[in-house]
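# Close look at the chain arrangement
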Amino acid sequence: MEDDYRPLLSSEQTVESYSHKGSTDSLDVKAKRPFHVEPRNIVDDEPQERVTAEAAILNSRVHYYGRLTGSSDRLLSPPNHVIPRPEEIYIYSPLGTAFKVTGSDPSSKNPSIITIFAIWNTMMGTSILSIPWGIKQAGFTLGILILIFVGLLMLYCCYVVLKSPKAIPYVDTSDWEFPDVCRYYFGKFGQWSSLVFSMVSLIGAMVVYWVLMSNFLYNTGQFIYNYAHNVNMSDSQFGTNGSDRVICPYPNTDPGRNHTTTTLIFSNSGNDTSDTGSFEHWWSKTNTIPFYLIILLLPLLCFRSASFFARFTFLGTISVVYLIALVTVKAVRLGFHLEFHWIDTTQFYVPEFRLLFPQLTGVLTLAFFIHNCVITLMKSNKNQENNVRDLSVAYLLVGLTYLYVGVLIFAAFPSPPLFKDCIEPNFLDNFPSSDVMVFVARTFLLFQMITVYPLLGYLVRVQMMGQIFGNHYPSFFHVLFLNLVIVAAGVLMAKYYPNIGSIIRFSGATCGLALVFVFPALIHMISLKRQGTLRWPSALFHSFLILLGLANLLAQFFM
């Protein structure tokens, strides 16, 4: 009997015993021996009927393919038209009964609208806070054109990534991710390089989160302290007057004006100034707050599972919706302040075209970056034939959101009396800590980032430890050492260089070079060449994409 289960083309591999088929919860459709019975032949409480002749023929066909070669060889595995759909697979018992496989639930698939907003929610991150600053760096007109152009370019590269597993012949790529595709085409170099650049994007995001959490925690504490002690800061900050104040934290950035106020001095309306000085000493945005966060976040990073924090991902959607509402209200109250000067810089306005535009392209590369997880997100789409359409709609929504926030903040920034160059890399810094609506936004974002930060750390740990040690949690000390390195990077940047715009553009341009431009373009050209369909216009265009990604990274060092 044992020889009956031995593959005909292999003398060393042995098919698994039928005793392993008793588990109906986990079934590899092509590796196991499924038995198909029409639904009308399955009886719930009544004695189960013996299988029909049609089902028996199908069983013989599946066994025939299974005996041609071992289950690890996919070349001669049963083709898709022989294997029933997952919801129609049953396990055959020698007694003639059949048991339904419960591992595949078609209801777990998401409709297109859910998939679209899942991509929108995943892509919409901290970069939205830097879009107005990026438009200011590039110039209003050029910034809008670059945002549209980069969005279309990133959409095309994402489409290439999404289609890359399906272009591989004779291999089952149903459970592959983009690093697996890179390994197939480039070997170990592709696997490890894609991992390294993926780590750059994740750790860069964690560093930005640490800087922003320090900022939001500082301003939240400042608001509470000022309210409790009746501290008024309106006279010590350079900015506009009125109920909707806009401030310029560093007014000396205006090259056309000579401001005497280059530092911020707190004014107290009657309370003891020594208490204020003591509070400033222990509640500093760069000297103390980044270290306070270690006490809260380092233990959370060491959790073995991040499933608890995944329950709070909905806060990201709430935060973005509230930010859009905040921007709308501020734009309505402040009005638009625009003048078009195409080349020359004036006293209050920046030119429409500036040579600093690569800073915006670096920010947008990370703002539109979803290439390392788009395959996973699209697998849950119920209608796979609509993947390209749904991905395009998601990118359209993301681009419109960035345009809406960036254009409104830039246009509503009050010039005069403030100079447009005062727009900060985090546009919330242009509003005082006493602003109630902005206080609510900072509180929302702070709580959201506290819950998302351990998720990012979990992704870093799973990818890095899994590749190096083959285990996602090799030991507590391995995980602690990795977390200490990540936290140290965040603390150092929050203390010495808390410029999220520059951090975002460098990390975006670095990871984008490999995962957005180089690898997708090379994989596409290699795939077409193997099929014999590569033409010189396609080769020229995709080579241009590689040069564009390289130029985007190099330009960040000269800005």
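Notes on the structure in this doc start here.

What counts and how
- Residues numbered from 1 in each chain as written.
- Predicted model: local features only at pLDDT ≥ 70, side-chain atom pairs only at ≥ 80, totals over all residues.
- Heavy atoms only, no water.
- Phe/Tyr/Trp six-rings, centres within 6.5 Å; stacked < 30°, edge-to-face > 60°.
- Buried < 20%, exposed > 50% of the residue type's maximum accessible area, 1.4 Å probe, protein only.
- Lys NZ or Arg CZ within 6 Å of the ring centre and 35° of its normal.
- Axes fitted to C-alpha atoms, helices over the stretch in contact; angles between N-to-C directions.
- Helix = DSSP H or I, 4+ residues; strand = E, 2+ residues; numbered from the N terminus.
- Left-handed = near helix turned anticlockwise from the far one by under 90°.
- Contact = heavy atoms within 4.5 Å.
- Nonpolar A, V, L, I, M, F, W, Y, C, P; charged D, E, K, R; others polar.
- Disulfide = S-S within 2.5 Å.
- Salt bridge = Lys/Arg side-chain N within 4 Å of Asp/Glu carboxyl O.
- Patch = residues over 30% accessible without salt bridge, like charges linked within 9 Å, V, L, I, M, F, W, Y side chains within 5 Å.
- Areas by Shrake-Rupley, 256 points an atom, 1.4 Å probe, with all protein chains shown as cover.
- Expected span 1.5 Å × (residues − 1).
- Bend = angle between axes of the 7 residues up to and from the residue.

Attention now goes to the packing of aromatic side chains. Within this structure, the stated rule accounts for 19 aromatic pairs. Ring geometry for W283 against Y292: centres 6.2 Å apart, planes inclined by 35 degrees, an arrangement best described as tilted. Measuring from ring centre to ring centre gives 5.8 Å for F476 and F477, while their planes differ by 75 degrees; the resulting arrangement is edge-to-face. Take F476: its relative accessible area is 41%, and that puts it in the partly exposed class. Overall, the relative accessible area of 64% leaves F477 in the exposed class. Here a set of aromatic residues connected by ring pairs shows up, and it is made of W176, Y184, Y185, F186 and F519. Stacked on the ring of Y496, the Lys or Arg K495 has its end atom at 5.4 Å from the ring centre.

Packed helices, taken two at a time, are described by the angle between their axes plus the distance between the axes. With their axes 7 Å apart at the nearest point, helix 10 (residues 358–367) and helix 15 (residues 500–531) run at an angle of 65 degrees to one another. For the pair helix 10 and helix 15, the crossing hand works out as left-handed. Between helix 10 and helix 15, the residues in contact are Q359, G362, V363, T365 and L366 and G501, I504, R505, S507, G508, A509, C511, G512 and F517, respectively. Partitioning the contact of helix 10 with helix 15 into residue classes produces 6 nonpolar, 7 polar and 1 charged.

What follows covers the state of the cysteines. Evaluated as defined, the whole model comprises 1 disulfide. Here C248 pairs with C422 through a disulfide, and the sulfurs are 2.1 Å apart. In this structure, the disulfide formed by C248 and C422 twists by about -75 degrees around the S-S bond and is classed as left-handed. Of this pair, C248 sits in the loop between strand 4 (231–232) and strand 5 (267–268) while C422 sits in the loop between helix 12 (387–412) and helix 13 (436–469), and the two are 174 residues apart along the sequence.

Below, the discussion takes up the side chain of S127. You can see S127 is positioned in the loop between helix 2 (112–123) and helix 3 (131–138). Accessibility expressed as a relative area gives 5% for S127, which makes it buried. With sequence-adjacent residues up to four places away left out, S127 is seen in contact with V363, L366, A367, Y402 and I504.

Moving on to the pattern of salt bridges. In the structure shown here, the tally under the stated rule is 8 salt bridges. A salt bridge links D180 to R183, with the shortest nitrogen-to-oxygen separation between them at 3.2 Å. On the criterion of helical spacing, the pair formed by D180 and R183 is a turn pair, its members being 3 residues apart in helix 5 (residues 178–229). On the basis of relative accessibility, which here comes to 17%, the residue D180 falls in the buried class. You can call R183 partly exposed: its relative accessible area is 33%. Between D244 and R333 there is a salt bridge, with its nearest N and O atoms 3.2 Å apart. Residue D244 is located in the loop between strand 4 and strand 5, and its partner R333 is located in helix 9 (residues 314–334); the two are separated by 89 residues in the primary sequence.

Together, L145, L338, F340, W342, I343 and F353 line one region of the surface with nonpolar side chains, adding up to about 640 Å² of accessible area. Here I343 lies in the loop between helix 9 and helix 10. Classification of I343 as exposed rests on a relative accessible area of 69%.

Another point: helix 7 (residues 289–301). Owing to its 3.6 residues per turn, the α-helix aligns residues three or four sequence positions apart on the same side. Taking 1.5 Å as the rise per residue, helix 7 with 13 residues should run 18 Å; its terminal C-alpha atoms sit 18 Å apart, in good agreement. Taken as a whole, helix 7 carries its principal kink of about 40 degrees at I295; the proline P299 stands between one and four residues after it. Turning to helix 7, its buried residues number three or more, namely I289, P290, L293, L297, L298, L300 and L301.

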